[in-house]
Amino acid sequence: MGEKKTKARDWLFDNYKALLIILVVTGHLTEPCYENNGFLYVLKWLIFTFHMPAFILISGYFSRRSHSLKELAQKFLVPYLVFEVIYYLVYTVIIQKETSLALLFPKFSLWYLPALFVWRAVTPYVKKVPHYFLLSVLGGLAAGFFPGPSNFLTLPRILFFYPYFLAGTLLDRNLLTKLREKVSVRRTAALGTVLYVLFLIFDPVHTLVSPKVFYGRYSYDYLGMEPMEGMLVRLLCYGAGFFLTWAGLILISGRRHWFSFLGSDTLPIYLFHGLVYKIISGRTDLLSSVETLPESFTLLAFCLVLTLALSTPALGRFTATVSNLSLSHMWQEIRPQLSNQNLLPGASSQRFRYRES
């Protein structure tokens, strides 16, 4: 038999995803301490401006091939259900935090899996609607009116981040290659990025706004903003998010590097780093006590080491095994849980409320 040919990897996207997954880990582990010094505060703003928008845009780019609902559920919902149980056990057994196995209220970073399921399922139909991209932006603005920091079915985040996913489905790789070759374009991307960082360092006005404006789950009212102010701020978030995401696509190296392998399979890192973060922050005050610059750089080094440690093939195999679990068997396992929480059709109604994640 002839040797099976494998599709050549696009190192640009692997390199970008490698950077982004490091930023995801860093963004979460600096959550308890980013207000302790100016360096971490600026870093927090910079990371949350574009790390999830860029991740989601790249996901959209690689999601243009249609899949059945069953395939999508197998790929995203099964791992979500398994890791919801794992997070529940970690919360209750290790952290000893009171919580519930509320499957419709994603814990911590697990919201991304059901969001991907929804985006990939609805996008072929959404793109048949005239002006669908503009409507997605309007939907993202409307999500700011959801009451409280809602995480029910992660709906606010699904709506807020959806324009980035749609933009990814529209990304033209050939056009991107041509833009990357233009010196003027690369200079614009670099200059714009530097100016944004300088803005974060020296502008006093933006510090009156919480970086949680980039999280997608918080309402305008919760963030202390009037509706018109909230929508304007959210539009500015979209502008900054799209620009920095584009700048990354222009500036990131397209060659293979030692770190490129991190971008080839980011899901295990994404899923497991949250467990590490929750254990550290739930059982110790190590993260919240980071204050000085040396301590901050030590934390950043730890984030890099943790990212590398979680890229081990064993965790990749575990995640792949979870994704191949029988969907029907999973339903039999979770059906009693849904019945107990009155979340199945025909069950008594209950008021959905915010659940701490």
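Residues numbered from 1 in each chain as written. Predicted model: local features only at pLDDT ≥ 70, side-chain atom pairs only at ≥ 80, totals over all residues. Heavy atoms only, no water.

Before going further, it helps to spend a moment on the side chain of His28. In this structure, His28 sits in helix α1 (residues 11–29). When its relative accessible area of 16% is taken as the criterion, His28 is described as buried. Excluding anything up to four places from it in sequence, His28 contacts Phe108, Ser109, His273 and Tyr277. (Helix = DSSP H or I, 4+ residues; strand = E, 2+ residues; numbered from the N terminus. Buried < 20%, exposed > 50% of the residue type's maximum accessible area, 1.4 Å probe, protein only. Contact = heavy atoms within 4.5 Å.)

The next subject is a nonpolar patch on the surface. A cluster of nonpolar side chains, contributed by Leu191, Val194, Leu195, Leu198, Ile201 and Phe202, occupies part of the molecular surface with about 600 Å² of accessible area. Secondary-structure assignment places Ile201 in helix α8 (residues 183–202). Under the relative-accessibility criterion, Ile201 is labelled partly exposed at 46%. (Patch = residues over 30% accessible without salt bridge, like charges linked within 9 Å, V, L, I, M, F, W, Y side chains within 5 Å. Areas by Shrake-Rupley, 256 points an atom, 1.4 Å probe, with all protein chains shown as cover. Salt bridge = Lys/Arg side-chain N within 4 Å of Asp/Glu carboxyl O.)

For the chain, the average pLDDT comes to 90, and 89% of its residues sit at 70 or higher. Across residues 1–5 the pLDDT falls below 50, and counting only partners more than four positions away or on other chains, this stretch makes zero contacts in the model. Every residue in residues 343–356 scores below 50 in pLDDT, and together they form 27 contacts with partners more than four places removed in sequence or on other chains. (pLDDT = per-residue confidence, 0-100.)

If you look at the biggest cluster of nonpolar residues, it comprises 96 residues, and the most contacted ones within it are Ile56, Trp111, Tyr112 and Trp119. Among the elements that take part in this core, helix α2 (residues 38–61) stands out by supplying 15 residues, more than any other. (Core = buried A, V, L, I, M, F, W, Y, C linked by side-chain atoms within 4.5 Å.)

All told, the structure shown has 31 aromatic pairs when counted by the stated rule. Where Phe13 meets Tyr61, the ring centres are 4.7 Å apart and the plane angle is 20°; that geometry is what we call stacked. On the criterion of sequence distance, the pair formed by Phe13 in helix α1 and Tyr61 in helix α2 is long-range, its members being 48 residues apart. Connected via pairs of aromatic rings, a cluster forms that spans Trp111, Tyr112, Trp119, Phe133, Phe160, Phe161, Tyr162, Tyr164, Phe165, Tyr238, Phe242 and Tyr270. The ring centre of Tyr91 lies 6.0 Å from the NZ or CZ of Lys107, which sits over that ring. (Phe/Tyr/Trp six-rings, centres within 6.5 Å; stacked < 30°, edge-to-face > 60°. Lys NZ or Arg CZ within 6 Å of the ring centre and 35° of its normal.)

Close contact between α1 and helix α9 (residues 227–251) brings their axes to 10 Å; oriented N to C, the two are set at 130°. If you check the angle between α1 and α9, you find them oblique. By crossing handedness, the relation of α1 to α9 is classed as right-handed. Packed against α1, whose contacting residues are Leu12, Phe13 and Tyr16, the element α9 presents Leu244, Thr245, Gly248 and Leu249 at the interface. Taken together, the residues that form the contact of α1 with α9 break down as five nonpolar, two polar and no charged. (Axes fitted to C-alpha atoms, helices over the stretch in contact; angles between N-to-C directions. Parallel < 35°, antiparallel > 145°, perpendicular 65-115°, else oblique. Left-handed = near helix turned anticlockwise from the far one by under 90°. Nonpolar A, V, L, I, M, F, W, Y, C, P; charged D, E, K, R; others polar.)

Moving on, we get to the side chain of Thr245. Looking at where Thr245 falls in the secondary structure, it is placed in helix α9. For Thr245, the residues in contact, after removing those within four places along its chain, are Tyr16, Phe50, Pro53, Ala54 and Leu57.

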